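Results of the structural survey
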Amino acid sequence: ATILFGTKNAKASIRADIASQLTTQSASDSYRFVLIVLRKLGEVQMPNQSIVVQANQTWSDTGIFIAANSAVTISFQTGAWTADPQTNQHQLYGPAGDAQIIIPPTQALYPLVGAPMGALVGRIGDNPVFLIGAGPTELPTGQSGNLSLCINDDIHAAYGLGLADNLGAICVFIYNSNTLPDLSM
């Protein structure tokens, strides 16, 4: 299922369509239609979403659609990983990555040049990649699409083993920025 974060600006343009749809459908179809519309409008709030991101997998689609004017935050919950166990003697670190290894501009096939190797990065649709790290990090506004997460590593194996030697996973919470996350999940 795709979860939609929306804005209230779209409500006025859709309300008339809702009324006409409700008069032409059965009660159960009308209920489903209203639920879909409310999700699109952001009136059905997303509960806290716990997402696991594996260090040895490329972009993980969270199944969460982010609307352009959404206020969404990602916070690290638990876990550890490494993007290059040979370099750091198999020591795992969190989503901030290895601060001693910053991806240089000469390695442009990494998801995010200029950020630490092994840091948690995100992307909304086909928009530019952004650093999440340990968070809490509010997602960029003005972008829409599905939220994908990844470890900042050589995902194409252009400079070495790529994701094949990575170890670990992390878990993050994704929630509406105007709410506090329930970390008891």
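Quick notes on the rules
Residues numbered from 1 in each chain as written. Predicted model: local features only at pLDDT ≥ 70, side-chain atom pairs only at ≥ 80, totals over all residues. Heavy atoms only, no water. Helix = DSSP H or I, 4+ residues; strand = E, 2+ residues; numbered from the N terminus. Buried < 20%, exposed > 50% of the residue type's maximum accessible area, 1.4 Å probe, protein only. Contact = heavy atoms within 4.5 Å. Areas by Shrake-Rupley, 256 points an atom, 1.4 Å probe, with all protein chains shown as cover. Phe/Tyr/Trp six-rings, centres within 6.5 Å; stacked < 30°, edge-to-face > 60°. Lys NZ or Arg CZ within 6 Å of the ring centre and 35° of its normal. Pairing = 2+ DSSP bridges. Core = buried A, V, L, I, M, F, W, Y, C linked by side-chain atoms within 4.5 Å. Polar contact = N/O pair within 3.5 Å; in protein donor to acceptor, adjacent residues only side chain to side chain. pLDDT = per-residue confidence, 0-100.

Another point: the overall build of the protein. For the protein, the helix and strand inventory stands at two helices and eleven strands. Written out in order from the N terminus, the α and β elements of the protein read β-α-α-β-β-β-β-β-β-β-β-β-β. Considering the protein as a whole, with its 185 residues, one finds that 41% of them fall into the buried category. Restricting to contacts in the protein with at least 6 residues of sequence separation, those with at least 24 account for 69%. Summed over all atoms, the accessible surface of the protein reaches about 9,400 Å², with 54% contributed by carbon and sulfur.

Take the packing of aromatic side chains next. In the structure shown here, the tally under the stated rule is one aromatic pair. One residue, R123, lies across the ring of W59, its end atom 4.2 Å from the ring centre.

Across the sheet, four strands lie side by side as β2-β11-β4-β9; this open sheet has antiparallel pairing. In the strand order of this sheet, the two ends are held by β2 (49–54) and β9 (137–138), each with one partner.

Let's shift gears to the nonpolar core. In terms of nonpolar packing, the biggest core is built from 31 residues, with L147, L149 and I174 touching the most fellow members. For this core, the elements supplying multiple residues, two or more each, are β2, β3 (60–66), β4 (72–82), β7 (120–124), β10 (145–151) and β11 (167–176). No other element matches β10, which puts four residues into this core. Setting aside anything within four residues of it in sequence, one finds L147 in contact with S60, D61, T62, G63, I64, I66, I74, R123, I124, F130, L139 and I174.

In this section: the side chain of S75. Within the secondary structure layout, S75 lies in strand β4. In this structure the side chain of S75 is engaged in a polar contact, spanning 3.0 Å, whose partner is the side chain of Y175.

Predicted confidence across the protein gives a mean pLDDT of 80, with 71% of residues reaching 70 or more. In the model, residues 25–44 has pLDDT below 50 throughout and makes 25 contacts with residues more than four positions away in sequence or in other chains.

The next thing to look at is unusual backbone geometry. The amide bond that connects G135 to the next residue, P136, takes the cis arrangement and shows omega of 5°. You can see P136 is positioned in the loop between β8 (130–131) and β9. Here the phi dihedral of H90 falls at roughly 60°; this positive angle occurs in a residue that is not glycine. Turning to its location among the elements, H90 is positioned in the loop between β4 and β5 (98–102). The phi dihedral of A157 falls on the positive side, at around 55°, and the residue is not glycine. Secondary-structure assignment places A157 in the loop between β10 and β11.

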